[in-house]
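# Analysis of the macromolecular model
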Amino acid sequence: GKNEYDLLVIGGGSGGLACAKEAAQFGRKVAVLDYVELSPQGTKWGLGGTCVNVGCIPKKLMHQAALLGSALKDAQHYGWNIAQPVHHTWSVMAQAVQNYVKSLNWGHRVQLQDKKVKYFNMKGSFSDPHTVRGLTKAGKETIVTAENIVIATGGRPKYPTHIAGALEYGITSDDLFWLKESPGKTTLHSKILNVSLECAGFLTGIGLDTTVMMRSIPLRGFDQVSQMASLVTEHMESYGTKFLKGCSPTKVEKLESNRFQVTWKNTDLGTEETDSFDTVMWAVGK
């Protein structure tokens, strides 16, 4: 029989939404399927993809919080009478960030509706080249047919499952931006460092004890010739971010205090070392 839609997009992130809205402007009948699987720590979010929910938007807002803190400390030298020490409340910031993100989720739904794009909050799987089986969180099934189907599902952070305790006790950037309470003393583990440096930057900026563990050179794959990569880490160190270089974690254990003990190998020194943290975050790729 006739397909229900001209175009079906599976994935409601930046690429999927742009594709769906552009097609609708050409008069095509379009639908979008979007469904967010819970992270291993149970974090969920709405329509808009990584950038809106667990990437660019909350990251920039939290960086702004850190920059405001730095400005407050500097302000007294310019005549502003601000009580010291300056204190930051994570829960207030987090609520404001999450409320803003939710407003963007709603805005994307309204945009789809205005452009007459049908939105399904369902997880899609193929039945045949033109048929997708949509499944809601409650298990309700909907069959959608389309002449053309675009897969725009993006990626999710990986866990280093070869490290004992990594999945049970660690979080990723999917969770960090939706924490209700402060992560406290935090260690971030990374391969290439860009995500971990971004997160470590604002965590340090709002006054948290932050350590980045890297097994090789900083920002591997980025510009090493001009020394920009090392200048970034040196700048961060001057503001208080700690770096453990040439170190690879081997296990994470939960202590009776509810903190987490991380054990790692220091390949430069040939030693095994440990420390305890309130939060262990993985930024090892997608």
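Residues numbered from 1 in each chain as written. Predicted model: local features only at pLDDT ≥ 70, side-chain atom pairs only at ≥ 80, totals over all residues. Heavy atoms only, no water.

Time to look at the pairing of strand β8 (residues 210-214). Counted residue by residue, β8 has five buried out of five residues, so it is predominantly covered. In β8, alternate side chains face the same way, and those of Thr-210, Val-212 and Met-214 on one face and Thr-211 and Met-213 on the other are all buried. In this structure, strand β7 (residues 186-190) lies alongside β8, joined through five bridges in parallel fashion. Of the residues in β8, the one forming a bridge with Leu-188 is Val-212. For β8 and strand β9 (residues 242-245), the ladder comprises four bridges, and the chain directions are parallel. When the sheet's bridge partners are listed, Thr-211 is paired in β9 with Lys-242. (Buried < 20%, exposed > 50% of the residue type's maximum accessible area, 1.4 Å probe, protein only. Helix = DSSP H or I, 4+ residues; strand = E, 2+ residues; numbered from the N terminus. Pairing = 2+ DSSP bridges.)

This next bit is on the pattern of salt bridges. Counted under the stated rule, the structure contains eight salt bridges. Two residues, Arg-156 and Asp-174, come together in a salt bridge whose shortest N-O distance is 2.7 Å. Remark: Asp-174 occurs in helix α6 (residues 173-176) and Arg-156 occurs in the loop between β6 (141-151) and α5 (166-169); sequence separation between them is 18 residues. Overall, the relative accessible area of 31% leaves Arg-156 in the partly exposed class. When the shortest N-O distance is used, the salt bridge between Lys-185 and Asp-275 registers 3.2 Å. Taken as a pair, Lys-185 in the loop between α6 and β7 and Asp-275 in strand β12 (residues 271-277) lie far apart in primary sequence, 90 residues in all. You can call Lys-185 buried: its relative accessible area is 18%. (Salt bridge = Lys/Arg side-chain N within 4 Å of Asp/Glu carboxyl O.)

Time to look at the domain arrangement of the protein chain. Under the domain assignment used here, the protein chain contains domain 1 (1-155) and domain 2 (166-283). Between domain 1 and domain 2, the C-alpha centre-to-centre distance is 27 Å. Contacts between domain 1 and domain 2 engage 23 residues on the former and 23 residues on the latter. Counting the surface lost from both domain 1 and domain 2, the interface buries some 2,000 Å², and carbon and sulfur atoms represent 63% of this. (Domains from an automatic or database assignment. Contact = heavy atoms within 4.5 Å. Buried area = accessible area lost by both parts, 1.4 Å probe.)

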